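# Understanding the architecture of this molecule
Here's the letter readout for the chains.
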Number of protein chains: 2
Amino acid sequence: MTWNSELVQSTVAEIRPPDDAAMRAARALQDRLTKPQGSLGMLEDVSVRLAGLARECPPPMPEPAAVAIFAADHGVHAQGVTPWPQEVTAQMVGNFIAGGAVVNAFAGQVGAEVTVVDVGVAADLPAGPGLLPRKVAYGTADMTEGPAMTAGQVRRAVEVGIEVARDLTLAGNRCLVTGDMGIANTTASAALIAACTGLPPEKVTGRGTGIDDTTHAHKIDVVRTALDRHAAPIRAMREQLHDHERVGRALEVLAAVGGLEHAAIAGFILGAASRRVPVVLDGVIAGAAALIVAAVEPDAVAACVAGHRSMEAGHAATLVHLGLHPLVDLELRLGEGTGALLALPLVQSSVRVLHEVATFDSAGVTEKQLDGQQEGSA
Amino acid sequence: MTWNSELVQSTVAEIRPPDDAAMRAARALQDRLTKPQGSLGMLEDVSVRLAGLARECPPPMPEPAAVAIFAADHGVHAQGVTPWPQEVTAQMVGNFIAGGAVVNAFAGQVGAEVTVVDVGVAADLPAGPGLLPRKVAYGTADMTEGPAMTAGQVRRAVEVGIEVARDLTLAGNRCLVTGDMGIANTTASAALIAACTGLPPEKVTGRGTGIDDTTHAHKIDVVRTALDRHAAPIRAMREQLHDHERVGRALEVLAAVGGLEHAAIAGFILGAASRRVPVVLDGVIAGAAALIVAAVEPDAVAACVAGHRSMEAGHAATLVHLGLHPLVDLELRLGEGTGALLALPLVQSSVRVLHEVATFDSAGVTEKQLDGQQEGSA
């Protein structure tokens, strides 16, 4: 089987590690600005990361921004892991296009463009403005019975994500935001997170947006069954015996237990990283996709900003594994891109500081008078 | 001494408790929107609170927004509680007016108007656009040697805050944001927080934006000295023996250990509450002022949204005392209004949901099929 494609290969080849000189320059600039050193906390770190990604200081302002909502269905829905019927995926796509969902309201508030991508909804969707028809399949197969996707499907879905990142960037966007929709996709996410982190299913399988104890226990069993069935490729990926097979091994795991939207989001992140454009991750679905990205090309994680920490079990562990600190933590469990969009102004503000704030010298402000500690005090 | 004034009295008299019916309507509307119930976490609570404040559902969109930066100096600076020279207060006011400070960058990012109010800077500031000259005194007196303010000063500073809230609201703003500047104002804040919460000085006195251990220990001693000197009015306020004297007792404590910017921010909050306009609180300085507001009129706290939790010792306890949950927690310790401005889009997004998101009925989206739990799952 061929997991890789020319587009995936060339995209991964373009990803470079963060630039140390630009990061040092950003940290040094932060220290000269008219504020006590370090007083912007985590936002200073974000600005330094984005300088490293852009390989210049200050990095470009991360605006305008666009959120891409990748929608797909899941064969594992047949296992009864959620009380929501599968047709809700298609119905919510209609809601996104009509502008009636929370993601639309949040995008409007922060001035982000919304693109909806049908990468695998299990229904024919009416063509129309606002919907990119990129259906790879009518949903995945049931991961408890076999691989969720074929090699060709996962490859094509990753390519869709790369292409969407490319097109949104060529259209002038300087910040990308992940969004997702897919009934049962927290089950696939849990399987991906367990596969990538080695954590047991009961630690990473959440209640989605809130199922009862019986359904939750069943959902954990379903994830465990899938992990057992696909133990061989998961072990191969985690052992990474042959570095030159890294991409293929990660995509094989993605095909085994992932979703078409996970594959597309993974491509979206790789595409953003290859173009040195930051990508704000939403919750557990994007986090699971980013774990696959980290297995494909660790340097791509430098393009990621964790928008928020969701309530879903496994998301916190995912962020720790990725080395990312969430910007917002408001007990959200919706998805769609909502948590990432809330964080977008924070990301933009962090970079804006490097562009606009005066230095002590330029503003004629006296610095603190004692030596010793690096920080001042007001 | 007369602590109260006609303007303060009439403002406090206009403040009403939150409207239960509007809050219930907002909660019920949230539950009909096309998302799993409760999936927006703390943002749902914010939208419900603002409905209660506005006494209607949905409440008005909290935009446009304006941040008022109240600047003042502190006599306690003479005690050596900070390595920053006092003239930095005036220099930073110049930086705000020139648009070169972090608060300007953040306000620009979220579309908030900036107003700088000289309520007590210890220097003559050049008149010019962007600066409201409302100087009550050239800084406060040293609270370790006597009351920081006279009755007339504290009364006038509170009135300034009320008037600024009034003028910004009459200009069309539908959300107010607190800002502050004043070298040594974390010392006065610590004294106010200890006075209002009963917590010991060592628990609520922080390192400002980062002082060494020796200065920190000295700062705690300074706060303790001030609290001992003003023990009588502090005890009277906390015992609240006579409800009709509530306002006067709280303002007496504010005069004893507070700053002119604390007094103005307290007035700003009271003014916003009386006009049923939400006010987003910045960090520990605004928190200390809000504690005085809570002692003056507990219902005014319903107008407050906690923008963020700062790194300053005592701020977390302040928010608990006020019953407020911070929206952002990014290890900030800058002040100026920066933390509150980062939270502004989150507040706006929370209300926008009530205005724009479709219901399950209107969007033709199927609800989850199982009964029992209130939440769905994706």
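One can find the structure itself at the top, above this paragraph.
Keep in mind the model is a prediction, meaning the values are calculated, not measured.

### Regarding the overall build of chain A
Each helix and strand counted, chain A has 16 helices and six strands in total. The C-alpha atoms of chain A give a radius of gyration of 21 Å, which matches the 21 Å a tight globule of 378 residues would have. In terms of overall dimensions, chain A has C-alpha extents of about 70 × 50 × 45 Å along its principal axes. The proportion of buried residues among the 378 residues of chain A is 65%. A fraction of 76% describes how many contacts in chain A between residues 6 or more apart in sequence connect residues 24 or more apart. Where the 28 positive side-chain charges of chain A centre and where its 42 negative ones centre are 3 Å apart.

### Some thoughts on the state of the cysteines
Residue and element names in this part refer to chain B. Scanning the entire structure with this criterion turns up zero disulfides over all chains. With no disulfide of its own, Cys-304 lies closest to Cys-175 among cysteine sulfurs, the gap being 11 Å. Judged by its relative accessible area of 1%, Cys-304 is buried.

### Description of the pairing of strand S1 (residues 65-72) of chain B
Residues and elements named next belong to chain B. Across the eight residues of S1, eight count as buried, placing the element largely inside the fold. Across seven bridges, the pairing between S1 and strand S4 (residues 175-181) is parallel. Note on S4: the bridge partner recorded for Ala-71 is Met-181. Taken together, the seven bridges between S1 and strand S2 (residues 113-120) define a ladder with parallel strand orientation.

### Quick word on the relation of the copies chain B and chain A
For the match of chain B to chain A, the screw axis carries a shift of 0.0 Å, the RMSD comes to 0.0 Å, and the turn is 180 degrees. Taken together, these values place the two copies in the relation of a two-fold axis. No C-alpha of chain B lies nearer the rotation axis than that of Val-328 of chain B, which sits 3.1 Å from it. A high fraction, 99%, of the interface residues of chain B reappear at the interface in chain A, so the copies pair face to face through one surface.

### Quick look at the side chain of Ser-274 of chain B
Tracing the chain through its elements places Ser-274 of chain B in helix H12 (residues 260-274). For Ser-274 of chain B, the contacting residues outside a window of four places in its chain are Thr-11, Glu-14 and Ile-15 of chain B.

### Some thoughts on the packing of aromatic side chains
Throughout the structure, instances matching the rule amount to four aromatic pairs over all chains. Relative to Phe-268 of chain A, the ring of Phe-70 of chain A lies with its centre 5.3 Å away and its plane at 70 degrees, an arrangement referred to as edge-to-face. With Phe-70 of chain A in strand S1 (residues 65-72) and Phe-268 of chain A in helix H12 (residues 260-274), the pair connects residues that are 198 residues apart, well separated along the chain. Judged by relative accessible area, Phe-70 of chain A falls into the buried class, the value being 0%. Where Trp-84 of chain A meets Phe-360 of chain B, the ring centres are 5.9 Å apart and the plane angle is 25 degrees; that geometry is what we call stacked. Of the two residues, Trp-84 of chain A sits in the loop between S1 and helix H4 (87-98) while Phe-360 of chain B sits in helix H16 (residues 360-363), which places them in two different chains. Both residues of the pair, Trp-84 of chain A and Phe-360 of chain B, count as buried. Against the face of Tyr-138 of chain A rests Lys-135 of chain A, its NZ or CZ located 4.8 Å from the ring centre.

### Brief notes about the interface of chain B and chain A
Each side of the interface is counted separately: chain B has 75 residues, and chain A has 74 residues. Of the roughly 6000 Å² buried between chain B and chain A, counting both surfaces, carbon and sulfur atoms make up 62%. For the pair chain B and chain A, the number of links is zero salt bridges. On the surface where chain B and chain A come into contact, there are 20 residue pairs in polar contact (both at pLDDT 80 or more). Those elements giving two or more residues to the side of chain B that touches chain A turn out to be helix H3 (42-54), helix H4 (87-98), helix H5 (102-110), helix H7 (185-197), helix H9 (213-229), helix H15 (338-356) and H16 of chain B. At eight residues, H15 of chain B tops the list of elements feeding residues into the side of chain B that touches chain A.

### Observations concerning the pattern of salt bridges
Scanning all chains against the criterion turns up 30 salt bridges over all chains. Here Arg-166 of chain A and Asp-167 of chain A are joined by a salt bridge, their closest N and O atoms 2.9 Å apart. Note that Glu-44 of chain B and Lys-35 of chain B form a salt bridge whose closest N and O atoms lie 2.9 Å from each other. Residues participating in the shared-partner salt-bridge network are Arg-156, Glu-159 and Glu-163 of chain A.

### Considering the layout of surface pockets
Its volume calculated, the largest pocket comes out at about 310 Å³. As for the largest pocket, its lining consists of 17 residues, of which Arg-309, Pro-326, Val-328 and Asp-329 of chain A together with Asp-329 of chain B are closest to the centre. Broken down by element, the lining of the largest pocket gets its largest block of residues, three residues, from helix H14 (residues 315-322) of chain A. Grouping the amino acids of the lining of the largest pocket by side-chain chemistry returns twelve nonpolar, one polar and four charged. Estimated volume of the second largest pocket: approximately 220 Å³. Residue lining of the second largest pocket: 15 residues in total, with Met-42, Asp-45, Val-46, Arg-49 and His-325 of chain B positioned closest to the centre. Breaking the lining of the second largest pocket down by element, the ones donating at least two residues are H3 and strand S6 (304-306) of chain B. Tallying contributions element by element places H3 of chain B first for the lining of the second largest pocket, with four residues.

### Here's the deal with the side chain of Ser-189 of chain B
Residues and elements named next belong to chain B. Relative to the elements of secondary structure, Ser-189 occurs in helix H7. Overall, the relative accessible area of 0% leaves Ser-189 in the buried class. Contacts of Ser-189, omitting those with residues within four sequence positions, involve His-262, Val-284, Ile-285 and Ala-288.

### As for the sheet that holds S4 of chain B
Residue and element names in this part refer to chain B. A sheet is described by the order of its strands in space; here six strands give the open sequence S3-S2-S1-S4-S5-S6, paired in parallel fashion. Each of the sheet's edge strands pairs with one partner strand only, and the pair in question is strand S3 (131-133) and S6. Averaged over all adjacent pairs, the angle separating strand axes in this sheet is 30 degrees, with direction ignored. As defined by bridge partners, S4 adjoins strand S5 (residues 279-281) across two bridges and the pair is classed as parallel. Its bridge partner lying in S5, Val-177 is registered against Val-280.

### So, the sheet that holds strand S5 (residues 279-281) of chain A
All names here are of chain A. The parallel open sheet is built from six strands, whose spatial order is S3-S2-S1-S4-S5-S6. What marks the edges here is a single partner per strand, and that holds for strand S3 (131-133) and strand S6 (304-306). Neighbour-to-neighbour, the strand axes of the sheet open up by a mean angle of 30 degrees, direction not taken into account. Of the pairings in the sheet, the one linking S1 to strand S2 (residues 112-120) comprises eight bridges and is parallel in character. Within S2, the position partnered with Ala-71 by the bridge is Asp-118.

### Structural notes on the nonpolar core
Leu-327 of chain A together with Leu-327 of chain B are the most contacted members of the largest nonpolar core, which has 278 residues in total. Leaving out residues up to four positions away in the same chain, Leu-327 of chain A has contacts with Met-42, Leu-43, Val-46, Val-305, Ala-306, Gly-307, His-308, Ala-343, Leu-346 and Val-347 of chain A together with Leu-330 of chain B.

Conventions we followed
- Residues numbered from 1 in each chain as written.
- Chains lettered and ligands numbered in written order.
- Predicted model: local features only at pLDDT ≥ 70, side-chain atom pairs only at ≥ 80, totals over all residues.
- Heavy atoms only, no water.
- Helix = DSSP H or I, 4+ residues; strand = E, 2+ residues; numbered from the N terminus.
- Rg over C-alpha atoms; globule rule 2.2 N^0.38 Å.
- Buried < 20%, exposed > 50% of the residue type's maximum accessible area, 1.4 Å probe, protein only.
- Contact = heavy atoms within 4.5 Å.
- Lys, Arg positive; Asp, Glu negative; His and termini not counted.
- Charge placed at Lys NZ, Arg CZ, Asp CG, Glu CD.
- Disulfide = S-S within 2.5 Å.
- Pairing = 2+ DSSP bridges.
- Least-squares fit on C-alpha atoms with pLDDT ≥ 70 in both.
- Phe/Tyr/Trp six-rings, centres within 6.5 Å; stacked < 30°, edge-to-face > 60°.
- Lys NZ or Arg CZ within 6 Å of the ring centre and 35° of its normal.
- Buried area = accessible area lost by both parts, 1.4 Å probe.
- Salt bridge = Lys/Arg side-chain N within 4 Å of Asp/Glu carboxyl O.
- Polar contact = N/O pair within 3.5 Å; in protein donor to acceptor, adjacent residues only side chain to side chain.
- 1 Å grid on protein atoms, 1.4 Å probe; cavity = no way out; pocket = protein on both sides within 12 Å on 5 of 7 lines; lining within 4 Å.
- Points joined across faces, edges and corners; volume = space filled by probe spheres on them.
- Nonpolar A, V, L, I, M, F, W, Y, C, P; charged D, E, K, R; others polar.
- Axes fitted to C-alpha atoms, helices over the stretch in contact; angles between N-to-C directions.
- Core = buried A, V, L, I, M, F, W, Y, C linked by side-chain atoms within 4.5 Å.

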